[in-house]
Amino acid sequence: MNTEHIKLGLKENWEQFTILVIVNAFVGGMIGMERSIFPKFAEVEFGIASKTAILLFITAFGITKAITNYFTGKLANRFGRKNLLLFGWFVALPIPFILMTATNWNWVIFANILLGLSQGLTWSSTVVMKIDLVGEKDRGLAMGLNEFAGYFAVGVVAFFSGYIANKYGITPYPFYIGVAISIIGFLLTLFLVKDTRLHTHKESVTDNTKQLGNVFMETTFKNKSLSSITQAGLVNNLNDGMIWGLLPIVLITLNYNTENIGIITAIYPTVWGIGQLFTGKMSDVYSKKAMLFWGMLLQGIAIIFLPFSNGFFMLSSISAVLGLGTALVYPTFLSAIAQATSPKQRAESIGTFRLWRDLGYAFGAIISGITADLFGVNYAIFLIGGLTILSSIIIKFRMPETNKIAKGCIEMEEVKQSLQQNKKIQIIDVRTKEEFEQAHIPNAVNIVLTELKNEAVKFDKNYQYMITIYPVYQIHLTLRPIYRLAFFY
């Protein structure tokens, strides 16, 4: 397979990357269409008041999306990312028409099964395709841009659907947004998106990440990093499922109108979306473990404060804090999963993670719905908040510190400038002793490649270490593709 013309990197693939960002904004918009209006839609159009019954639409959506995520990951290499993305948009086309013409709640459930299938195919495909394009260096930034586009669109469309519902009625006008979104998303994918499988093959040539024995079991239970990330992803969407279903109900009991409900519920995904423009890049630079811990903790605290609030400003602030906490973890989940797996297994591992993460929607809807019906909405909120804080504790004590990967290589001139500025840099020459004695960079330390893995643990954390294979031509800032093990400071 000829991959000589393929280049990895955000700058090198900016046109295709931009198209995928736009496509994912339309993917997020399909969820936003429902986000602020469904509890009232259920009550006004179908006379459904039970919290459990109302939240069944989230359960149907979550289970279907979770299963689809898993199979999208497994089938991506076989059928191609673009084909799965295109099929996902095809499935989305009838959804708004079903919602506009639904004669009973079963049709609404069916529409959300289709929505889960569509979202699993489309969102998973855009995630994997962006990771394929950018390579290792900007993976967190890529995920931040991807999730920003999707969830910012969720917030914007949630606001507009709430506004339209308040002004023109709960149906059919808000669902016209979905008609436009699904058609445009399908056409953009058909004519502008290109498949990225060759980029995966290109990266595989130089990637020496150890492959997982059983991707599903390692991602779910065995691997400490992957399983810690997976449980946090599940709990994150568990609380999102509760917020999706119960927050509008809480606001209705506080006598907020549909427009204000739309504003408060839109702040959360909007902050979540915009925040990822920054937190995605942060996950390339700072500790992924720390970002996941603080993000989950912030979410849990914000949720627990919900029952004690009734003013518009306070509820809006809680929604913003919840969005910030989610922004810290969402791109970090995906970049950390991608970092810990080989390119050949990445799509399947991400699919497994997204299987469990989106089952959180179903678990959250069921748990919070039953608890709310039996004990009241406030108890449901406290329970979900407590589970979210517990998840942050698991991250704190189970997940190993994530290694920071620096950029692949730098030019000699950049190294010279750093040394002239008296930065704390130590150059390590990994060639044999004989090669080192023949010629080497001044002040370089010779640590033979076979001994480097053991010596790396002794490095002074106050220094940045530059690994060189060649005495003059280029300096490598990371052990990849030699070893994928060290933390460079």
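1. Brief notes about the confidence of the model for the protein
Phase 1: Overall, the prediction assigns the protein a mean pLDDT of 83, with 86% of residues at 70 or greater.
Phase 2: Note on residues 403–408: pLDDT under 50 across the span, and 21 contacts to partners over four residues away in sequence or across chains.
Phase 3: Within the model, the stretch residues 471–489 combines pLDDT values under 50 with 76 contacts to residues more than four positions away or in other chains.

2. Focus: unusual backbone geometry
Of all residues except glycine, most have a negative phi; of all peptide bonds, most are trans.
Phase 1: Cis geometry marks the peptide bond from Thr 171 to Pro 172; its omega dihedral reads 5 degrees.
Phase 2: Take Pro 172: it is sitting in the loop between α8 (139–168) and α9 (173–192).
Phase 3: Positioned with a positive phi, Asn 255 is a non-glycine residue whose angle comes to about 65 degrees.
Phase 4: Relative to the assigned elements, Asn 255 resides in the loop between α12 (224–253) and α13 (258–285).
Phase 5: Residue classification places Asn 255 among the exposed residues on the basis of a relative accessible area of 70%.

3. Quick notes on the pattern of salt bridges
Pairs can form between side chains of opposite charge whenever their charged atoms are close.
Phase 1: Taken as a whole, this structure holds four salt bridges when the rule is applied.
Phase 2: Taking the shortest distance from any N to any O, the salt bridge between Asp 358 and Lys 65 comes out at 2.6 Å. With Asp 358 in helix α16 (residues 343–375) and Lys 65 in helix α4 (residues 56–79), the pair connects residues that are 293 residues apart, well separated along the chain. In terms of burial, Asp 358 and Lys 65 fall into one category: buried.
Phase 3: The shortest N-O distance in the salt bridge between Asp 358 and Arg 357 comes to 3.4 Å.
Phase 4: Linked by salt bridges that have partners in common, Lys 65, Arg 357 and Asp 358 make up one network.

4. Quick word on the nonpolar core
Phase 1: One finds Phe 38, Ile 95, Trp 105 and Phe 333 to be the most contacted residues of the largest nonpolar core, which totals 106 residues.
Phase 2: Looking at this core element by element, the count peaks at 14 residues for α12.
Phase 3: When residues no more than four places from it in sequence are discounted, the contact partners of Phe 38 are Phe 57, Leu 99, Trp 105, Val 108, Asn 112 and Phe 175.
Phase 4: Counting seven residues, the second-largest nonpolar core is a separate cluster that includes Ile 428, Phe 459, Tyr 465 and Ile 467.

Thresholds applied
Residues numbered from 1 in each chain as written. Predicted model: local features only at pLDDT ≥ 70, side-chain atom pairs only at ≥ 80, totals over all residues. Heavy atoms only, no water. pLDDT = per-residue confidence, 0-100. Contact = heavy atoms within 4.5 Å. Helix = DSSP H or I, 4+ residues; strand = E, 2+ residues; numbered from the N terminus. Buried < 20%, exposed > 50% of the residue type's maximum accessible area, 1.4 Å probe, protein only. Salt bridge = Lys/Arg side-chain N within 4 Å of Asp/Glu carboxyl O. Core = buried A, V, L, I, M, F, W, Y, C linked by side-chain atoms within 4.5 Å.

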